Amino acid sequence: MRKAQKTQIEDIFALARKAHEAIRGALDKEDRTNAMQLLSSCQESAIQAGNLIEQTEGEDVPAIRAIEDYCETCWQIYERTRQGEEQKPSGVYRLLQRKLAEMDSSVRLTIPVRLEIAFFCYKADMSDCLESIYHAAKEDPSCDAYFIPVPYYEKYPDGTFGEMYDEAEKGYPGNYELVDWRSYNVETRRPDIIYIMNPYDEDNNMISVHPDYYALKLRDLTDCLVYVPYHLQRAVPSPGVGTLAGVFFADLTFVQSENVRERYIESYVQENEIEGLTVRTAKQKIVALGSPKTDKLVRTGREDYTLPEQWREAVSSDDPHHRTVLYNLSVSSALNMVEDGGKLYLGKIRSALEFFKDRSDVTLWLRPHSLLHQTLRFMDGQLADEYEEIIREYKEAGWGIYDDTPDLNRAVAWCDACYGDENSVALMFEFLGKPSLIQNIENAGSEPREAGDEEAVRAAVDALVNTGEENSYIMYEAAEQTEDGRLSTADFLDHMDVILEYAPAQMEKCRKLYANADGTAGEKIHAYTTTLLRRARREEL
């Protein structure tokens, strides 16, 4: 039973207490008509309470029997009053109060308050940031959890809304019981807890979730609004993270580590131009319990994902040195190339595809960010057309995998290494002890085809992993030959065995940077949030 429903029942019982006093007064004055009307009202109110209980708990609960007993008592007193039988008003009052106390006690002690928790997610391929929290809530017998994919709009350069997208229509990866956003009225249901993963409200230039799901609005429709970042973050997050609407309006924000938390707190206090924001307030609302994304990485492997037969054939090989490499294309890298109109970025994509096409020992798994095409269209329609042509040619050639499905984690599980843009996908690979090479946009068309000396590669990797930097299994593509801690793509592929020697130590080093990196972040977040809310409600009483 929801808290609001239980409060409604408690209000009914409070009115009944007052009615009992009025019944005693009416009997004292021998006003049988008024006493009978009050007794009928008490019975009707008790039936109303019983209906509320039956809707959530069923009929076979002690509270229903206590209500039936109370109603029977009201009826018997009513009949004796109607027939004019002698009754002591104080005795009637004590009897009614005792039966009411039995009802009240039964409701309080045998009907637990259930929490309704709503998860609002707009991108299927980012849903893993909420997945383990959702499952923890689903498994909690004191909670009712609802996973609601919500629509979003692309935005024109002038800020107006364009086409609406509802990714629930194509399905979500993972084990969710999806609820249609049109059937879940958040204003009516007012869930106890709401989780969101979109922090921007109207502040994203390219897309916007439906305005009904802005953090600014949702904060008034729940007792606890929670924001969980949809991506893993570097040790030093981007400036302004504390000013994002999701962080600012949420009651709680959960981040992956204490180091990241410190940066969020600093940003929240210093970058919001509002008086009264204190470090103490920020520490209460920004909590480091880890990321559900790492839960997904820990709990799943290749065996948990099926591949289309053509893909399975592509990644299968008798060559022990054969590698499957994810080619990761991000939105942020495309935006960073806006100064030259994006031509350099598209040129690098063409060049990289030509490079991997000639590698019979590598299966390329091309997976662009799901919003990349929309981003390019936002920048320049011709740019988007050229990108479409590149992708069309690649798909028609059929020598690699093209993945536009919503399941990013399947690609991460099946690929041995990552190449491409620098974003949170590389951090996911690092968490699993898999190396990444960040592509060098500047050397498009001039990438060395021949690998260099193994010792040069070992020296470069040594120099990188011994720097003490947190992302020390994320390497950067050299403009030419491997040097100064940078690797050529040919060296990255040909000397992968050397690079993988560092995998166990680098994975251990990486996981120490995350809170609850053992796969329990979602459980801890759920427990923290529900405990905090219940404690706050007890203190209100």
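For clarity, every value in this text was computed on a predicted model and none was experimentally measured. (Residues numbered from 1 in each chain as written. Predicted model: local features only at pLDDT ≥ 70, side-chain atom pairs only at ≥ 80, totals over all residues. Heavy atoms only, no water.)

A.B. asks: Now, about the pattern of salt bridges: what can you tell me, with residues and values included?
C.D. replies: Throughout the structure, instances matching the rule amount to 41 salt bridges. Residue D416 pairs with R302 through a salt bridge whose shortest N-O separation is 3.0 Å. Here R302 lies in the loop between α11 (292-299) and α12 (309-315) and D416 lies in the loop between α17 (408-414) and β13 (417-420), a separation of 114 residues in the sequence. Owing to a relative accessible area of 21%, D416 belongs among the partly exposed residues under this scheme. (Salt bridge = Lys/Arg side-chain N within 4 Å of Asp/Glu carboxyl O. Helix = DSSP H or I, 4+ residues; strand = E, 2+ residues; numbered from the N terminus. Buried < 20%, exposed > 50% of the residue type's maximum accessible area, 1.4 Å probe, protein only.)

A.B. asks: Tell me what's going on with the packing of aromatic side chains, and back it up with residues and numbers.
C.D. replies: Within this structure, the stated rule accounts for 24 aromatic pairs. Each ring, one from Y122 and one from Y152, has its centre 5.4 Å from the other, and the planes form 80°; the classification is edge-to-face. Linking Y122 in the loop between β1 (115-121) and α5 (128-139) with Y152 in strand β3 (residues 152-155), this pair joins segments that are 30 residues apart in sequence. For the residue pair Y122 and Y152, the accessibility class agrees, reading buried in each case. Taking the centre distance of 6.1 Å and the plane angle of 40° together, the rings of F248 and Y268 count as tilted. Linking F248 in helix α8 (residues 245-249) with Y268 in helix α9 (residues 258-271), this pair joins segments that are 20 residues apart in sequence. Overall, F248 belongs to the partly exposed group, its relative accessible area being 22%. Residue Y268 is classed as buried on the basis of its relative accessible area of 4%. Taken together, the ring pairs in this structure connect F119, Y134, F147, Y172, Y176 and Y195 into an aromatic cluster. Looking at R24, its charged tip hangs above the ring of Y93, at a distance of 4.0 Å from the centre. (Phe/Tyr/Trp six-rings, centres within 6.5 Å; stacked < 30°, edge-to-face > 60°. Lys NZ or Arg CZ within 6 Å of the ring centre and 35° of its normal.)

A.B. asks: Which residues make up the sheet that holds strand β4 (residues 161-165), and what values go with them?
C.D. replies: The 3 strands lie next to each other as β4-β3-β6, forming an open sheet whose pairing is antiparallel. Each edge of the open sheet carries a strand with a single partner, namely β4 and β6 (207-209). The mean angle between the axes of side-by-side strands here comes to 30°, regardless of whether they run parallel or antiparallel. Of the strand pairs in this sheet, β3 and β4 are connected by 3 bridges, and their pairing is antiparallel. Within the sheet, the bridge partner assigned to Y153 lies in β4 and is M164. Packed on one face of the sheet, helix α15 (residues 372-379) meets β3, β4 and β6 and runs near 30° to β3. (Pairing = 2+ DSSP bridges. Axes fitted to C-alpha atoms, helices over the stretch in contact; angles between N-to-C directions. Contact = heavy atoms within 4.5 Å.)

A.B. asks: Go over the side chain of D491 with me, naming the residues and quoting the values.
C.D. replies: Structurally, D491 can be placed in helix α20 (residues 489-494). For the buried D491, which has no salt bridge, the nearest side chain bearing the opposite charge is R359, at an N-O separation of 8.3 Å. Filtering out sequence-adjacent residues up to four positions away, D491 remains in contact with A451, G452, V457, T482 and M496. (Lys, Arg positive; Asp, Glu negative; His and termini not counted.)

A.B. asks: Go over the sheet that holds strand β5 (residues 193-196), please, and point to the residues and values.
C.D. replies: Ordered by their spatial adjacency, 6 strands build an open sheet running β2-β1-β5-β7-β8-β9, and the pairing between neighbours is parallel. In this open sheet, the two strands that pair with only one neighbour each are β2 (143-149) and β9 (286-288). Adjacent strand axes in the sheet meet at a mean angle of 20°, parallel and antiparallel pairs treated alike. In the sheet, strand β7 (residues 224-227) pairs with strand β8 (residues 252-255) via 2 bridges, with the strands oriented parallel. Within the sheet, the bridge partner assigned to Y227 lies in β8 and is T253. α9 contacts β8 and β9 of the sheet and is inclined by roughly 170° relative to β9.

A.B. asks: Residues and numbers for unusual backbone geometry, please.
C.D. replies: A positive phi angle, near 60°, is found at E30, a position not held by glycine. If you trace the backbone, E30 turns up in the loop between α1 (3-28) and α2 (32-57). Unusually for a residue other than glycine, D201 sits at a positive phi of about 50°. Mapping D201 onto the fold places it in the loop between β5 and β6.

A.B. asks: Tell me about the nonpolar core, residues and numbers included.
C.D. replies: Soluble globular proteins tend to bury their nonpolar side chains together. Ranked by size, the top nonpolar core spans 68 residues in total, and within it F119, F120, L130, Y195 and L218 carry the most contacts. In terms of residue count, β1 provides more of this core than any other element does, 6 residues in total. Setting aside its immediate chain neighbours within four residues, L130 contacts F119, F120, C121, F147, Y195, I196, M197, V228 and P292. Counting 43 residues, the second largest nonpolar core, distinct from the first, contains M337, L383, A417 and Y419. (Core = buried A, V, L, I, M, F, W, Y, C linked by side-chain atoms within 4.5 Å.)

Worth remembering: the numbers are spatial, not functional.
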